[in-house]
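As a plain string of letters, each chain reads:
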Amino acid sequence: MTLEDLVADGWRRHADEPQTVSEALAQVAGLVTSETQLGAYVRLATHLHAEHLDDWRAGVELLESMRLRFEDASRGPYRAATVGIATLYLAGGEAIDLSHLSNVERSAALATAAPAMASPALRALAAAGNNLAVALEQLADRASAETAAMIHIADAALMYWKRAGGWLEEERAQYRRARTRLQAGMPVEAIECSRLCLQICQKNDAPAFERFFAHAILAIAHRAAGQDAGCEQQRSFALAQHQALSPDELTWCEDEFKELAAKHEAA
């Protein structure tokens, strides 16, 4: 498995297995050999230690070793490891002098640290909202009041994730909103939620795993709305991302992959 595959797998598993992903990152640090790889590695390590592990100092220690390998203190305009270290200090509530950072670096550190400094209660509400929306989606005989609650709860989860999470949580919350609309028989609204999900992926250079789900849900929403051309276009994009996934990631995509295939055969 390449470093890129390992990072993508880490993003997929980090919310459920933060300690395991952290240990894996530490073990593969030596595989980072380019600045592009460094940036991808640092983004995951910073997010993981700032928002999912109660040990930001371990993150600083890890990134310090990367900084010493790659970054000259005087070089600009953007030093990923240096910014990651500053972010972790801020997320840990530690006083830190940011004068050594460029304006771009300072802005990046502050913006990335902000979600980690959000109230734990907001994160708990966001996670609970997402889980409850899923449970309501799966009800076989959902009453109209439960359908209305499902939509409201999914929207509330997005609101909380915007305040307490990062782009990944916001993107997945938009995916959930699209699913609730499909369950409620609202395909046009599902298309809009799916587009927002995809836009977040595109803006943040999301890995193929996230892009697959974004394109897949948009294809499914187009099909539900009777928009065959849009469905086929997004289906093709989804399958292209599917081909880039690792074997471990493919397991998580089976339901959406089967759904795309079923929709295509029905057409």
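This is a predicted model, so every value here is computed, not measured. (Residues numbered from 1 in each chain as written. Predicted model: local features only at pLDDT ≥ 70, side-chain atom pairs only at ≥ 80, totals over all residues. Heavy atoms only, no water.)

Novice: What should I look at first to understand the overall build of the protein in this one?
Specialist: For the protein, the helix and strand inventory stands at 14 helices and zero strands. Secondary structure elements in the protein, listed N-terminal to C-terminal, are α-α-α-α-α-α-α-α-α-α-α-α-α-α. The C-alpha radius of gyration of the protein comes to 20 Å, within 12% of the 18 Å expected for a compact globule of 267 residues. For the protein, the spread of C-alpha atoms along the three principal axes comes to 60 × 35 × 30 Å. The buried share among the 267 residues of the protein stands at 48%. Within the protein, counting contacts between residues at least 6 apart in sequence, those at least 24 apart form 62% of the total. As displayed, the protein has an accessible area near 13,000 Å², and 53% of this comes from carbon and sulfur atoms. Of note, the protein has its 25 positive side-chain charges centred 4 Å away from the centre of its 37 negative side-chain charges. (Helix = DSSP H or I, 4+ residues; strand = E, 2+ residues; numbered from the N terminus. Rg over C-alpha atoms; globule rule 2.2 N^0.38 Å. Buried < 20%, exposed > 50% of the residue type's maximum accessible area, 1.4 Å probe, protein only. Contact = heavy atoms within 4.5 Å. Areas by Shrake-Rupley, 256 points an atom, 1.4 Å probe, with all protein chains shown as cover. Lys, Arg positive; Asp, Glu negative; His and termini not counted. Charge placed at Lys NZ, Arg CZ, Asp CG, Glu CD.)

Novice: I'm lost on the packing of helix α9 (residues 167-183) against helix α10 (residues 187-203) in this one. Help?
Specialist: Angle between the axes and distance between the axes are the two parameters that describe a pair of packed helices. At a minimum axis distance of 8 Å, the contact between α9 and α10 shows a crossing angle of 165°. It follows from the interaxial angle that α9 and α10 lie roughly antiparallel. Here α9 and α10 pass one another in a crossing that is left-handed. Between α9 and α10, the residues in contact are Trp167, Glu170, Glu171, Gln174, Tyr175, Arg177, Ala178, Arg181 and Leu182 and Pro187, Glu189, Ala190, Cys193, Ser194, Leu196, Cys197, Ile200 and Cys201, respectively. (Axes fitted to C-alpha atoms, helices over the stretch in contact; angles between N-to-C directions. Parallel < 35°, antiparallel > 145°, perpendicular 65-115°, else oblique. Left-handed = near helix turned anticlockwise from the far one by under 90°.)

Novice: Which parts of the structure should I look at to understand unusual backbone geometry?
Specialist: With the exception of glycine, most residues fall at negative phi, and the peptide bonds are largely trans. A positive phi is found at aspartate 205, a non-glycine position, where the angle reads about 50°. Looking at the secondary structure, you find aspartate 205 in the loop between α10 and α11 (208-224).

Novice: I would appreciate a short explanation of α9 in the present structure.
Specialist: Counting along an α-helix, one turn takes 3.6 residues, and residues three or four places apart therefore face a common direction. Taking 1.5 Å per residue as the helical rise, α9 with its 17 residues ought to reach 24 Å, and the 25 Å between its terminal C-alpha atoms agrees with that figure. The buried fraction of α9 amounts to twelve of the 17 residues, a majority that puts the element mostly inside the structure. For α9, the complete set of buried residues consists of Leu168, Glu169, Glu171, Ala173, Gln174, Tyr175, Arg176, Arg177, Ala178, Arg179, Thr180 and Arg181. In the segment just after α9, glycine 185 is the residue with positive phi, at about 70°. (Expected span 1.5 Å × (residues − 1).)

Novice: What should I look at first to understand helix α12 (residues 228-242) in this one?
Specialist: Taking 1.5 Å of rise per residue, the 15 residues of α12 would be expected to cover 21 Å, and the 20 Å separating its terminal C-alpha atoms lies within 8% of that figure. For α12, the complete set of buried residues consists of Gly230, Cys231, Gln234, Arg235, Ala238 and His242. The arc enclosing the buried residues of α12, seen along the axis, measures out at 130°, which places them on a common side. (Arc of directions from axis to C-beta.)

Novice: I tried to follow the environment of alanine 124 on my own but got confused; where do I start?
Specialist: With respect to the element layout, alanine 124 can be found in helix α7 (residues 120-137). Judged by relative accessible area, which is 47%, alanine 124 ranks as partly exposed.

Novice: Would you mind showing me how to read the confidence of the model for the protein here?
Specialist: Per-chain confidence: the protein averages 88 in pLDDT, with 94% of residues scoring 70 or above. Element-level pLDDT for the protein is lowest in helix α6 (residues 103-116), with a mean of 77, against a maximum mean of 97 in α11. (pLDDT = per-residue confidence, 0-100.)

Novice: Can you help me understand the nonpolar core in this one?
Specialist: If you look at soluble globular proteins, the nonpolar side chains tend to sit buried side by side. Ranked by internal contacts, the top residues of the largest apolar core, which has 28 residues, are Tyr41 and Met66. Of all the elements in the fold, those that place two or more residues in this core are α1 (3-13), α2 (18-27), α3 (35-51), α4 (56-70) and α5 (80-91). The dominant element in this core, judged by the number of residues it contributes, is α3, at seven residues. The residues touching methionine 66, leaving out its near neighbours within four places in the chain, are Ala29, Val32, Leu38, Tyr41 and Ala81. If you look at the next biggest cluster of nonpolar residues, it comprises 25 residues, including Tyr175, Ala214, Ala219 and Cys231. (Core = buried A, V, L, I, M, F, W, Y, C linked by side-chain atoms within 4.5 Å.)

Novice: Sorry if this is basic, but what is going on with the environment of aspartate 5 here?
Specialist: Within the secondary structure layout, aspartate 5 lies in helix α1. Aspartate 5 gets classed as partly exposed once you look at its relative accessible area, which sits at 26%. A C-alpha to C-alpha distance of 30 Å links aspartate 5 and alanine 154, two positions 149 residues apart in sequence.

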